[in-house]
Amino acid sequence: MAVETSEPRVPRVLDPVALRADFPILRQAVHGRPLTYLDSAATSQKPQVVIDAVADYYRDYNANVHRGIYQIAEQATAAYEAARAQVARFINAPHSREVVFARNATEAINLVAYSWGRRNIGRGDQIILTEMEHHANLVPWQLLVQEVDGDLEFIPITDEGILRLDVFEVLLRLRPKLVAFTHVSNTLGTINPVREMVEMAHAVGALVLVDGAQAVPHSPVDVQALGADFYAFSGHKMLGPMGSGALWARTELLEAMPPFLSGGEMIREVHLRRSEFNDVPWKFEAGTPAVGDAIGLGVATEYLLDVGMDAVRAHERELVAYALDVLPREVPGIELYGPLDPDVRAGVVSFNLPDVHPHDVAQVLDRHGIAVRAGHHCTMPLHERLDLSATVRASFSVYSTTADIDVLVAGLKDVQRVFAG
Ligand code: PMP
């Protein structure tokens, strides 16, 4: 009898030093020092293949999509729709028609708030959010409930920045219509237990929107396994172009939703007093889309899949573990925010130095060629909850290295020297 043998699956390992060669911007010097880019949560850098894909489109086949009956228009349409399929594959969507291109996560969330929200949320209806939301997943819901006289409730966090699921359980007794929360906190790095929260929400009949802006670039995301109803993300944080992003939603939801923006492209038939709308997803893509950016996003997904999303996650876990270990040892008095367990933490480290304003920290770091973010990172209520006016944030991507963190440590020591006495 033949014995079947299978090769043991060797996990792919990411070599950030090799990958850096793909990112031309990282070759430059800033203030005479090599650029140490630690602001990937704000936007990631772009590999040459993405830059080339956008340039190729404008140089070789720039044309409007879906209408032109000529060679380059057909080529542009095919590339735009191929990008949709690439994005669908990247998040394991069952059909590419469930992927609606948007300018960014903010637009994708607004699409749901205006289209699904205005039709399904009414007077006295509850929406549950969390204390750690980015303004993009907070303000659209504030505007909605103000308009329809609904209510918002918030899942609180622990002091370490973990969602209180025990309180969530209690809030679910309010029978909310929607639960909307971030997959990964852009300030604390907390990775939220999406699958578990989706199951809890679905058990009381609520739909779930997940803000995946900080998750999709950093770990494998499988929308079918997560089980959420809406999943929103930006392209520019996942090595893709600015102006690219997407909303994923189940077909039956998209089909039942009214249009968000209206005009050309999203219609099938227009009469003077009424119109018939296009099929999904085009029903939600009014006007001329950002074709080159969508194509670039498709190429970014291929690049990330080639690297391997498990490898990306393992790499960033290692970086965050290193940062959480070395920063408190090397930088006296540094205060770190967010969970200290790298297993529930993405590659984001927010901190403060005693008696130095975060903007001053960032300014001195800039002299070392280090790019970090200082401020509230569009999470003002979270900062209020932690009793902070601002923080400094270092964040990682595929090209980040432990050497970058060492440069940060040296820079922070210099900040302390500059501000001592
Ligand atoms: N949600 C989260 C968690 C984010 O980090 C961001 C970007 N900082 C957004 C939403 C909004 O992304 P964009 O500005 O690309 O719409």
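Quick note: structure is the one above.
Residues numbered from 1 in each chain as written. Predicted model: local features only at pLDDT ≥ 70, side-chain atom pairs only at ≥ 80, totals over all residues. Heavy atoms only, no water.

Draft legend 1. Broad picture of the overall build of the chain. Helix and strand content of the chain: 14 helices and 17 strands. Its C-alpha atoms give the chain a radius of gyration of 22 Å, within 12% of the compact-globule value 22 Å for 421 residues. Sorting the 421 residues of the chain into buried and exposed places 56% on the buried side. Just so you have it, the chain exposes about 18,300 Å², and 52% of that area is on carbon and sulfur atoms. Put simply, the chain has 36 plus and 54 minus side-chain charges, and the middle of one group is 3 Å from the middle of the other. (Helix = DSSP H or I, 4+ residues; strand = E, 2+ residues; numbered from the N terminus. Rg over C-alpha atoms; globule rule 2.2 N^0.38 Å. Buried < 20%, exposed > 50% of the residue type's maximum accessible area, 1.4 Å probe, protein only. Areas by Shrake-Rupley, 256 points an atom, 1.4 Å probe, with all protein chains shown as cover. Lys, Arg positive; Asp, Glu negative; His and termini not counted. Charge placed at Lys NZ, Arg CZ, Asp CG, Glu CD.)

Draft legend 2. How the structure looks around a nonpolar patch on the surface. Side chains of Tyr114, Val139 and Leu143 sit close together on the surface and give an oily, nonpolar patch of about 230 Å² of accessible area. With respect to the secondary-structure elements, Val139 resides in helix 5 (residues 139-148). A residue is classified by how much of its surface remains accessible, and Val139, at 35% relative accessible area, is partly exposed. (Patch = residues over 30% accessible without salt bridge, like charges linked within 9 Å, V, L, I, M, F, W, Y side chains within 5 Å. Salt bridge = Lys/Arg side-chain N within 4 Å of Asp/Glu carboxyl O.)

Draft legend 3. The arrangement of the site of the ligand in detail. Around the ligand, the surrounding shell holds 13 residues, and the nearest of these are Thr106, Asp211, Gln214, His236 and Lys237. A distance of 2.5 Å separates an oxygen atom of the ligand from a polar atom in the side chain of Thr106. In the model, an oxygen atom of the ligand is placed 2.7 Å from a nitrogen or oxygen of the Ser234 side chain. Coverage of the ligand by the protein chains reaches 89% of its 390 Å² of free accessible surface. (Near = heavy atom within 4 Å. Polar contact = N/O pair within 3.5 Å; in protein donor to acceptor, adjacent residues only side chain to side chain.)

Draft legend 4. Expanded view of empty space enclosed by the protein. Across all of its chains, the model carries one cavity of 30 Å³ or more by this definition. Taken as a whole, the largest cavity spans an internal volume of roughly 30 Å³. Lining of the largest cavity is provided by Val184, Gln214, His218, Glu316, Ala346, Gly347, Val348 and Phe396. Tallied by class, residues from the lining of the largest cavity come to four nonpolar, three polar and one charged. (1 Å grid on protein atoms, 1.4 Å probe; cavity = no way out; pocket = protein on both sides within 12 Å on 5 of 7 lines; lining within 4 Å. Points joined across faces, edges and corners; volume = space filled by probe spheres on them. Nonpolar A, V, L, I, M, F, W, Y, C, P; charged D, E, K, R; others polar.)

Draft legend 5. Up close: the packing of helix 3 (residues 71-90) against helix 10 (residues 291-307). Where helix 3 contacts helix 10, the two axes come as close as 8 Å, and the packing angle between them is 40°. When the axis of helix 3 is compared with that of helix 10, the two are oblique. Both helix 3 and helix 10 take part in a crossing whose hand is left-handed. Touching Ala76, Ala79, Tyr80, Ala83, Gln86, Val87, Arg89 and Phe90 of helix 3 are Val291, Ala294, Ile295, Leu297, Gly298, Val299, Thr301, Glu302, Leu304 and Leu305, all from helix 10. (Axes fitted to C-alpha atoms, helices over the stretch in contact; angles between N-to-C directions. Parallel < 35°, antiparallel > 145°, perpendicular 65-115°, else oblique. Left-handed = near helix turned anticlockwise from the far one by under 90°. Contact = heavy atoms within 4.5 Å.)

Draft legend 6. Quick look at the nonpolar core. If you look at the biggest cluster of nonpolar residues, it comprises 76 residues, and the most contacted ones within it are Phe168, Tyr231 and Val398. Judged by nonpolar contacts, the second largest core, of 31 residues, contains Ala113, Leu129, Leu209 and Phe284. (Core = buried A, V, L, I, M, F, W, Y, C linked by side-chain atoms within 4.5 Å.)

Draft legend 7. Summary view of the sheet that holds strand 17 (residues 391-395). Pairing in this open sheet of four strands is antiparallel, and the strands run 13-14-17-16 from one edge to the other. Looking at the sheet topology across the chains shown, the edges are occupied by strand 13 (335-337) and strand 16 (373-375). In this sheet, adjacent strand axes meet at a mean angle of 30° when their direction is disregarded. Of the pairings in the sheet, the one linking strand 16 to strand 17 comprises three bridges and is antiparallel in character. The partner of Gly375 across the bridge, within strand 17, is Thr391. The sheet contacts of helix 11 (residues 309-330) involve strand 13 and strand 14 (348-352), and relative to strand 14 the element is tilted by about 20°. (Pairing = 2+ DSSP bridges.)

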